[in-house]
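# What the coordinates show
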Amino acid sequence: MGKGGDASIASKRTMSADPATTLAKPTKYTWSEVKKHITPEDAWVVYHDKVYDVSNWHEHPGGGVIFTHAGDDMTDIFAAFHAQGSAAMMKRFYIGDLIPESVEHKDERQRAFERGYRDLRAK
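Heads up: these notes are all about the structure in this document. (Residues numbered from 1 in each chain as written. Predicted model: local features only at pLDDT ≥ 70, side-chain atom pairs only at ≥ 80, totals over all residues. Heavy atoms only, no water.)

## So, the pattern of salt bridges
- The full count for this structure, using the stated rule, is 8 salt bridges.
- Salt-bridge contacts for Lys106 lead to Asp73; the nearest nitrogen and oxygen are separated by 3.6 Å. In this pair, Lys106 sits in the loop between strand E8 (94-98) and helix H4 (108-122) while Asp73 sits in strand E7 (residues 72-73), placing the two residues 33 residues apart along the sequence. Of the two residues, Lys106 and Asp73, neither departs from the other in class, the shared state being buried.
- Through salt bridges with shared partners, a single network forms among Asp73, Asp76, Lys106, Glu114 and Arg118. (Salt bridge = Lys/Arg side-chain N within 4 Å of Asp/Glu carboxyl O. Helix = DSSP H or I, 4+ residues; strand = E, 2+ residues; numbered from the N terminus. Buried < 20%, exposed > 50% of the residue type's maximum accessible area, 1.4 Å probe, protein only.)

This is the structure:
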């Protein structure tokens, strides 16, 4: 398994402890940070505003196609090509949350289209 799999969990999943509680908060990433990770050796993807490190995951059942969305949002393409239960397997690649406000390349029209598409798929 590549560094995006189980071996990376300890090193990549850095949680910031909140002194007021015993719960840990996920690391927050900006869109510009995600966009830096675009190669198979350093591949981050976004799914429903969650950031996943799939670097070197050449064992992906669909092959290297996963790297075509490195540094990008794969929410809709994932839904088109995977069974509903497939998302649960992604937990081991989770490294943090996307800061939605940092996504500047999508205007409100695009966001509305995506919401409508996702709502339609959910029915």
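## A look at the layout of surface pockets
- As a volume, the largest pocket reaches approximately 330 Å³.
- If you go around the largest pocket, you meet 19 residues; those closest to its centre are His60, Ile66, Met74, Phe78 and His82.
- For the lining of the largest pocket, the class distribution of residues is 14 nonpolar, 5 polar and no charged. (1 Å grid on protein atoms, 1.4 Å probe; cavity = no way out; pocket = protein on both sides within 12 Å on 5 of 7 lines; lining within 4 Å. Points joined across faces, edges and corners; volume = space filled by probe spheres on them. Nonpolar A, V, L, I, M, F, W, Y, C, P; charged D, E, K, R; others polar.)

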